Amino acid sequence: MRPNVVTEARLPTRLHQWWATVPFITSGVIITCGVIYLVCLLVGYDSFYEICFLPSAVVSQFQVYRIYTSALFHGSLLHVLFNMLALVPLGMELERIMGSVRLLYLMLFLATTNSIFHLIIAVVVAGNPLHPLPFLMNQCSIGFSGIIFSMIVIETSLSGVQSRSVFGLFNVPAKWYAWILLVLFQLLASNVSLLGHLCGILSGFAYTYGFFNYLLPGPSVYSAIESFSILSLCVRRPGFILCTGGTTYGQLPTHSSTATMSNGLSSGNLWRNISSWMPQRAASTAQDPRFPGRGRTLGSTGNQSLTPADSDLSLHARLLDNSTNRPLETTTLSTETWLPDARHSTLDTEAVAGLVTTNQGVDIFEEELKKLVAMGFEKTEAEVALAAADGDPSVAIEILMSHQQQG
């Protein structure tokens, strides 16, 4: 008998396979920041004082371009490497949840709000009559880490986890995770912008609790942007994820969801939001399909009877949107209309009911498959995983993600 030959892929092949799993916008940001740093290194450009976020220059000369240039430039090789390595898991997770266009808007939006918070705090503290600190107005900040801190807060909120690991050394409550990272970076690293990281955390919490709802467009706006002919080349890219195809494990704040979060500025809700930043005991033991063994934000499935609202939420969590429900409702209504005319034939009625059930099962499977393909998974692998999961999209996603990690 021939011996089993075990071959391992070479490092370039593994890197290529890993890079193929990074979605479109996340990889685009990494390439952009890396190319900018290399160009600055090759031409010897080190005048970061001209492009960093400088509150005094923004106020006195209205140099608002610094809001965005400061996020793309980095001061050293370790600076850009550390930021991009931190961006990869956060960007991959959020882009699969939100979609590529929504994530791009989120990054630009967070860069703006971070700078506004930074500017307000610097002006207030510098002009404090009791103990003014004017050096904050002349503090130069660069790097993508402010946006990364915002993404940490948002991803932690959407995942619903109760605890997070700090560098694999110890676990901390999820609500404290960003704050502990803020303190650790200040203690372990030099020349770290405390105010830049702090404003990133504040922007993340403000986004999570719905204070920016009226500034966030609804899904129809993102779909309209994706339909632009000028973006057709980007949309056809394998790593591009449509906003309608992202998973929605947590609630994404949008302008259309303000009906349920418009009272966030009231005194009672504001106190509940602030108090929720403190660590609390886990109230749910259900598992999130993306995070096996940890908490889930959508609530557990128990023996309680489901209300219509709970049923809709369950469908939403299982990646079924309104477009999936409409054909089912149409089929059901047409069956109910036909059945009274066929009361004289019980056999025909049972046959039609069985046919409708079969068609519904096929339609649901096809819709779930389309969802997985839109999320960036290969169609063949998605179909196999969905069949192995007996049509459960949550289990199928877990199988696909495990397969990618093993690959």
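Predicted model only: the values in this text are computed from it and were never measured.

> Teacher, can you tell me more about the overall build of the protein chain here?
Helix and strand content of the protein chain: 18 helices and two strands. Taken across its 407 residues, the protein chain has 39% of its residues classed as buried. Expressed as a percentage of contacts within the protein chain between residues at least 6 apart in sequence, the contacts between residues at least 24 apart total 69%. Total accessible area on the protein chain is roughly 23400 Å²; 63% of this is exposed by carbon and sulfur atoms.

> I would appreciate a short explanation of the state of the cysteines in the present structure.
Formally, a disulfide is one covalent bond, and it connects the sulfur atom of one cysteine to the sulfur atom of another. Evaluated as defined, the whole model comprises one disulfide. Covalently, C52 is tied to C140 through a disulfide, its sulfur atoms 1.7 Å apart. Of note, the bridge from C52 to C140 carries an S-S torsion of about -130° and is left-handed in sense. With C52 in the loop between α2 (24-43) and α3 (55-61) and C140 in the loop between α6 (100-126) and α7 (145-159), this residue pair connects regions lying 88 residues apart in the sequence. On the basis of relative accessible area, C52 is assigned to the buried category, the value being 0%.

> Help me out: how do you make sense of the confidence of the model for the protein chain in this one?
Residues shown with low pLDDT carry predicted positions that ought not to be read at fine detail. Averaged over all residues, the pLDDT of the protein chain is 75; the fraction at 70 or higher stands at 68%. Within the protein chain, helix α12 (residues 258-261) has the poorest average pLDDT of any element, 39, and α2 the best, 95. Between residues 246-250, whose pLDDT stays under 50, and residues either more than four places distant or in other chains, the model counts 19 contacts. Of the regions scoring below 50 in pLDDT, residues 273-306 engages in 65 contacts with residues more than four places distant in sequence or in other chains.

> Mind showing me how you'd approach the side chain of H197 here?
In this structure, H197 sits in helix α9 (residues 194-208). Those residues in contact with H197, other than ones at most four positions away along the chain, are S145, G146, F149, L182 and V192.

> Looking at this structure, how should I read the packing of aromatic side chains?
Here the distance between the centres and the angle between the planes together describe a pair of aromatic rings. Here the structure, examined in full by the defined rule, presents eleven aromatic pairs. Here F82 and F185 contribute two aromatic rings whose centre-to-centre distance is 5.7 Å and whose plane-to-plane angle is 90°, an arrangement assigned as edge-to-face. A residue pair is termed long-range when its members are at least 10 positions apart, and F82 in helix α5 (residues 77-98) and F185 in helix α8 (residues 177-188) qualify at 103 residues. F82 sits in the partly exposed class, given a relative accessible area of 44%. Ring centres of Y105 and Y222 lie 6.3 Å apart, and the angle between their planes is 65°; this geometry places the pair in the edge-to-face category. Note that Y105 is positioned in helix α6 and Y222 in helix α10 (residues 219-226), a separation of 117 residues in sequence. With a relative accessible area of 28%, Y105 lands in the partly exposed category. One aromatic cluster is present, built from ring pairs that chain together F82, F149, F167 and F185.

> Any chance you could explain the environment of Y37 here in plain terms?
Structurally, the position occupied by Y37 is in helix α2. Measuring from C-alpha to C-alpha, the distance between Y37 and S76 comes to 8.1 Å, with 39 residues separating the pair along the chain. If near-sequence neighbours (up to four positions away) are discounted, Y37 is found in contact with H74, G75, S76, L77 and V80.

> Got a minute to help me understand the side chain of S145 in this structure?
Mapped onto the fold, S145 is located in helix α7. Judged by its relative accessible area of 13%, S145 is buried. In terms of polar contacts, S145 uses its side chain to reach the side chain of H197, at 2.9 Å.

> Hey, could you run me through the pattern of salt bridges in this one?
As a working rule, side chains carrying opposite charge can pair if their charged atoms are close by. Evaluated as defined, the whole model comprises one salt bridge. The residue R164 makes a salt bridge to E155 at a minimum N-O spacing of 2.8 Å. Here the two residues R164 and E155 agree in accessibility, since each one is buried.

> Explanation requested: a nonpolar patch on the surface in the structure shown.
On the surface, L11, L15, W18, W19, I31, V35, V39, L42 and V43 cluster together to form a nonpolar patch covering roughly 910 Å² of accessible area. If you tally residues by element for the nonpolar patch, the top one is α2, at five residues. Along the chain, W18 falls in helix α1 (residues 11-20). A residue is classified by how much of its surface remains accessible, and W18, at 39% relative accessible area, is partly exposed.

> Would you take a moment to explain the UniProt feature "transmembrane region" (unreviewed entry) in the protein chain for this structure?
Following the UniProt record, the feature "transmembrane region" (unreviewed entry) maps to residues 21-45, 65-91, 103-127, 133-154, 166-188 and 194-216 here. Counted over residues 21-45, helix gives 80% and strand 0%. Its end C-alpha atoms are 33 Å apart. Counted over residues 103-127, helix gives 96% and strand 0%. Its end C-alpha atoms are 36 Å apart.

> Is there a simple way to explain the pairing of strand β2 (residues 170-173) in this structure?
Side chains on a regular strand alternate between the two faces of the sheet. The pairing of strand β1 (residues 163-166) with β2 spans four bridges and is antiparallel. Counted as the bridge partner of V166 is F170 from β2. The hairpin turn running from β1 into β2, its antiparallel successor, is three residues long, and F167 in that turn takes a positive phi close to 55°.

> Would you take a moment to explain the packing of α2 against α6 for this structure?
Geometry of a packed helix pair, given as the angle between the helix axes and the separation of the axes. It is the contact of α2 with α6, at a shortest axis distance of 8 Å, that shows an interaxial angle of 40°. By the angle between their directions, the pair α2 and α6 is classed as oblique. Within the contact between the two elements, α2 uses F24, I25, T26 and V29 and α6 uses S100, L103, L104 and M107. Classifying every residue of the contact of α2 with α6 by side-chain character gives six nonpolar, two polar and no charged.

> I keep staring at the nonpolar core and nothing clicks. Help me out?
Side chains of a nonpolar character, in soluble globular proteins, are inclined to be buried together. Core analysis: the largest hydrophobic core is formed by 46 residues, its most contacted members being L87, M98, M107, F144, M151 and I154. Of all the elements in the fold, those that place two or more residues in this core are α2, α5, α6, α7, α8 and α9. Residue contributions to this core peak at nine residues, all from α5. Counting eleven residues, the second-largest nonpolar core is a separate cluster that includes L372, F377, I397 and L400.

Criteria and thresholds
- Residues numbered from 1 in each chain as written.
- Predicted model: local features only at pLDDT ≥ 70, side-chain atom pairs only at ≥ 80, totals over all residues.
- Heavy atoms only, no water.
- Helix = DSSP H or I, 4+ residues; strand = E, 2+ residues; numbered from the N terminus.
- Buried < 20%, exposed > 50% of the residue type's maximum accessible area, 1.4 Å probe, protein only.
- Contact = heavy atoms within 4.5 Å.
- Areas by Shrake-Rupley, 256 points an atom, 1.4 Å probe, with all protein chains shown as cover.
- Disulfide = S-S within 2.5 Å.
- pLDDT = per-residue confidence, 0-100.
- Phe/Tyr/Trp six-rings, centres within 6.5 Å; stacked < 30°, edge-to-face > 60°.
- Polar contact = N/O pair within 3.5 Å; in protein donor to acceptor, adjacent residues only side chain to side chain.
- Salt bridge = Lys/Arg side-chain N within 4 Å of Asp/Glu carboxyl O.
- Patch = residues over 30% accessible without salt bridge, like charges linked within 9 Å, V, L, I, M, F, W, Y side chains within 5 Å.
- UniProt positions renumbered as here; feature names shortened; annotations may be inferred.
- Pairing = 2+ DSSP bridges.
- Axes fitted to C-alpha atoms, helices over the stretch in contact; angles between N-to-C directions.
- Parallel < 35°, antiparallel > 145°, perpendicular 65-115°, else oblique.
- Nonpolar A, V, L, I, M, F, W, Y, C, P; charged D, E, K, R; others polar.
- Core = buried A, V, L, I, M, F, W, Y, C linked by side-chain atoms within 4.5 Å.

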